[in-house]
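Here is how the chains run, residue by residue.
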Amino acid sequence: DTGVSQDPRHKITKRGQNVTFRCDPISEHNRLYWYRQTLGQGPEFLTYFQNEAQLEKSRLLSDRFSAERPKGSFSTLEIQRTEQGDSAMYLCASSSNTQGGETQYFGPGTRLLVL
Amino acid sequence: QQQVKQSPQSLIVQKGGISIINCAYENTAFDYFPWYQQFPGKGPALLIAIRPDVSEKKEGRFTISFNKSAKQFSLHIMDSQPGDSATYFCAAGGNNAGNMLTFGGGTRLMVKP
């Protein structure tokens, strides 16, 4: 199966620590998206890339959040100085603008717990 | 600001019945409307999607009905099965809306055997 993969699947950290999550998109997809999902809610858009360019980042929750996609393949999402309110599922999705662009395929997510 | 409103929040249906979930949107720039199914601990999985140039789309037991003038769309699950028990999310997006998806709040469906 060559779907979207995310690592780690679970992360427990202490408040104030930095965490980094990785996403590997479907291999031929040039668009990559990050979403956050809190318990009982729908996913909330954070940022997205087309190839290595970050085309939308105004929805990142604070300046503690940053994302990169240096070679247009995998992406990382970093949260600095984590807070308990950052506890959530972080979802990655990918799509191809050569196949209608809008269809986004999601990975399994990384569940973050900040103690 | 919730741009996509979904109802009901939870739904219980008997096996073999029809499950109906409704969504309404505000942003007329949306031109792509997918539905996702999510099981606990998993990522959302695309079920079916529609664009505003058609009023209905059917794939197997799943049908989307779309009313552009009312800015509403709905998911119908025919012959609901216990395996359909999951949380369903409507979403709206498209190239004219910045390529991001805006999700509804979700509907937790339980299909009783």
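Before any of the text, the structure's been laid out above.
Calculation notes
- Residues numbered from 1 in each chain as written.
- Chains lettered and ligands numbered in written order.
- Predicted model: local features only at pLDDT ≥ 70, side-chain atom pairs only at ≥ 80, totals over all residues.
- Heavy atoms only, no water.
- Core = buried A, V, L, I, M, F, W, Y, C linked by side-chain atoms within 4.5 Å.
- Buried < 20%, exposed > 50% of the residue type's maximum accessible area, 1.4 Å probe, protein only.
- Helix = DSSP H or I, 4+ residues; strand = E, 2+ residues; numbered from the N terminus.
- Pairing = 2+ DSSP bridges.
- Disulfide = S-S within 2.5 Å.
- Axes fitted to C-alpha atoms, helices over the stretch in contact; angles between N-to-C directions.

Draft legend 1. Representation of the nonpolar core within the structure. F33, W35, F73, L75 and Y88 of chain B are the most contacted members of the largest nonpolar core, which totals 25 residues. With four residues, strand β9 (residues 86-92) of chain B is the largest single contributor of residues to this core. One finds V19, L60, A67 and L77 of chain A within the second-largest nonpolar core, a separate group that totals 19 residues.

Draft legend 2. Molecular detail of the pairing of strand β8 (residues 75-79) of chain A. All names here are of chain A. Side chains of β8 alternate between two faces, with S75, L77 and I79 buried and T76 and E78 left unburied. Of the strand pairs in this sheet, strand β3 (residues 19-24) and β8 are connected by five bridges, and their pairing is antiparallel. Considered in β8, the bridge of R22 is made with T76. By the bridge criterion, four bridges tie strand β7 (residues 65-68) to β8 in an arrangement that is antiparallel. Its bridge partner lying in β8, F65 is registered against I79.

Draft legend 3. Geometry of the state of the cysteines. Residue and element names in this part refer to chain A. Taken as a whole and assessed by the stated rule, the structure comprises two disulfides over all chains. With its sulfur 1.8 Å from that of its partner, C23 forms a disulfide with C92. Residues C23 and C92 are joined by a disulfide whose S-S torsion is about -65°; by sign, that bridge is left-handed. Residue C23 is located in strand β3, and its partner C92 is located in strand β9 (residues 88-95); the two are separated by 69 residues in the primary sequence. Assigned by exposure class, C23 and C92 land together as buried.

Draft legend 4. Region of the structure containing the sheet that holds strand β7 (residues 62-67) of chain B. Residue and element names in this part refer to chain B. Strands sit in the order β1-β3-β8-β7-β6 across an open sheet of five strands; the sheet is antiparallel. Of all the strands in the sheet, just β1 (4-7) and β6 (56-59) have a single pairing partner and so form its edges. Across the sheet, the axes of successive neighbouring strands diverge by a mean angle of 15°, strand direction being ignored. Relative to strand β8 (residues 72-77), β7 is paired through six bridges, and the arrangement is antiparallel. The residue of β8 that forms the bridge with N67 is Q72.

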